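Descriptive analysis of the structure
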Amino acid sequence: MKKYGWIWSLVLVWCLCALPAVGQKKAGRAPQGVVELTRVRLTPDVPMNEVRIEATVRVPKAGKYTLTCTRSCYADEDPDAAILEVPLRLRKGENEVSALIDMGENPHQWSEFHPDLYRLHLRIEGKKGVGETDETLFLRQWEEDDYAPASLHGMQWTLNGLAVLLRPLSASYLPEGTPAADAPSSAWLRFFREAQAKGFNHWHPSPQSVTPALLAAADTVGFYLHIDEPDTLERYARHPSVMPYAPHADTLLVMAPLSLDAEVGRIYLADDTIQGDILLYNFTEDDHRQPVSWQLQSVSTDGEPDGHFATQGEEDYVDAFQGEVTRVATLRVPLSGIQAPHRLLLTLSTQGATRQRFIDVRPPRAPAQKP
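Everything numeric in this text was worked out from a predicted model, so none of it was measured.

**Some points on the side chain of D219**
One can find D219 in helix α3 (residues 212–221). There is no salt bridge for the buried D219, and the closest opposite charge comes from R140, which lies 7.3 Å off by N-O distance. Beyond its immediate chain neighbours, meaning those up to four positions away, D219 contacts W110, P115, L117, R238, H239, P240 and S241.

**Comments concerning the layout of surface pockets**
Considering only enclosed or pocket space, the largest pocket measures out at about 580 Å³ in volume. What lines the largest pocket is a set of 23 residues, and nearest its centre among them are L42, L233, Y236, A237 and R238. If you list the elements that add at least two residues to the lining of the largest pocket, you get β1 (36–45), β7 (129–137) and α4 (232–235). Counting residues per element, the lining of the largest pocket draws most heavily on β1, which supplies five residues. In terms of residue class, the lining of the largest pocket is made up of 10 nonpolar, five polar and eight charged.

**With respect to the confidence of the model for the chain**
Overall, the prediction assigns the chain a mean pLDDT of 87, with 85% of residues at 70 or greater. Mean pLDDT across the secondary structure elements of the chain bottoms out at helix α1 (residues 5–29), with 42, and peaks at α3, with 97. Low pLDDT (under 50) marks residues 10–30, which in the prediction has two contacts with non-local residues, meaning those over four places away or in another chain.

**Quick look at the environment of P291**
Locating P291 in the fold gives a position in the loop between β15 (273–282) and β16 (292–299). The spacing of P291 and S349 is 58 residues in sequence and 8.6 Å in space, taken between C-alpha atoms. If we skip the residues at most four places from it in the chain, P291 touches E314, E315, D316, V318, S349, T350 and Q351.

**Overview of unusual backbone geometry**
Geometrically, the link from A340 to P341 is a cis peptide bond, its omega value of 0 degrees lying close to zero. Within the secondary structure, P341 is located in the loop between β18 (324–334) and β19 (342–350). Of note in the backbone geometry, N49 takes a positive phi value of approximately 55 degrees without being a glycine. Following the sequence through the fold, N49 ends up in the loop between β1 and β2 (50–59). The phi angle at N160 is positive, at roughly 55 degrees, despite the residue not being glycine. As for its position among the elements, N160 is in the loop between β9 (157–159) and β10 (162–163).

Criteria and thresholds
- Each residue is numbered by its place in its chain's sequence as written, counting from 1.
- With the structure being a predicted model, the display of local features is reserved for residues of pLDDT at least 70 and the display and counting of side-chain atom pairs for 80 or more, all residues being used for whole-chain, interface and lining totals.
- The side-chain values count all of the structure's non-hydrogen atoms but skip hydrogen atoms and water molecules.
- A run of DSSP states H or I qualifies as a helix once it reaches four residues; a run of E qualifies as a strand once it reaches two. Both are numbered from the N-terminal end.
- Buried residues are those whose accessible area, probed at 1.4 Å on protein chains only, stays under 20% of the maximum for their type, while exposed residues exceed 50% and partly exposed ones sit between those limits.
- In this charge count, Lys and Arg are treated as positive and Asp and Glu as negative; neither His nor the chain ends contribute.
- What counts as a salt bridge is simple: a side-chain nitrogen of Lys or Arg found within 4 Å of a carboxyl oxygen of Asp or Glu.
- Any two residues whose heavy atoms approach within 4.5 Å are treated as being in contact.
- Points on a 1 Å grid, built from protein atoms alone, make a cavity when a 1.4 Å probe fits but cannot get out and make a pocket when they are open with protein on both sides within 12 Å along at least 5 of 7 lines; residues with an atom within 4 Å of a point are the lining residues.
- Grid points are joined across faces, edges and corners, and a volume is the space filled by probe spheres set on the points.
- Residue classes follow a fixed rule: Ala, Val, Leu, Ile, Met, Phe, Trp, Tyr, Cys and Pro count as nonpolar, while Asp, Glu, Lys and Arg count as charged, and any other residue, Gly among them, counts as polar.
- Looking at any residue, its pLDDT shows the predictor's confidence there, from 0 to 100.

See the structure below:
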């Protein structure tokens, strides 16, 4: 045995040097044989209840593959309709693939009232391997309404076909202020929920302050974000809360989601007739079917009724649709006989909203003097 000891020594040295090299070579080739599913893009089509899936697939060998799309379901949805299988024939290397997911007849849409999200699992499978990824799926479609009147306080955006009244957040209204840059999602959830409780639904954060935790919280709560970056749609396409890019021109809107107004002047002569339309701004979750009443009464300098003049009326049937401004009644009150100057208080009210405004009544014009 000693005679061949040097041979066994050479074999041992060769094993120590060659085997690690072989292992490194195999490890280097391994990624080339992996099925990969990357760069997933989801485009919702709300009117059609569909979502277009586009993705880049890398496969090690040409052949037949199957793309399986499995989404989560809510209790009122059919789980059998939540799975889509698409047979594919792919070439070696990168491939662009697409599929169309049918969300059913009454899918859940994402909005401030119901920020409903779906989980989507994508799986590409063939004889040479499997690639998988998880995505957040949602039905949400922002559009800009170029025909919306400018007098409606900037209500030019529609979400899922309904007009949206953006009520921009002023952080000074919140006792705790804005969370720190490194705050977790739990802190941002509290922040947005507190803002919603105070009537806000929209925030314009600086691009530098936008974090994954902030975005995830806004998606979960249903808070609209406006980020001033031209590539907003590309960078934040996976977040339903992010609106399309537009130059920032927010002003604080004090109007509530449900509010009333009257298209009447603020100053009248005693021989005029107050005339105008009563408007109901309905940006709540549901259509409005409650009566709308109005009252016009004279008040003293401290705003209290003085008994000099009073009249009232009611529109007992109101059909005001969600996301619209509806003319619900016409106000027509003659002022003849009023002792001018005097101040009137107009009160508009319905279930969930009250609006008041003052109207000054001046003496009639003096007749023109004959020359």
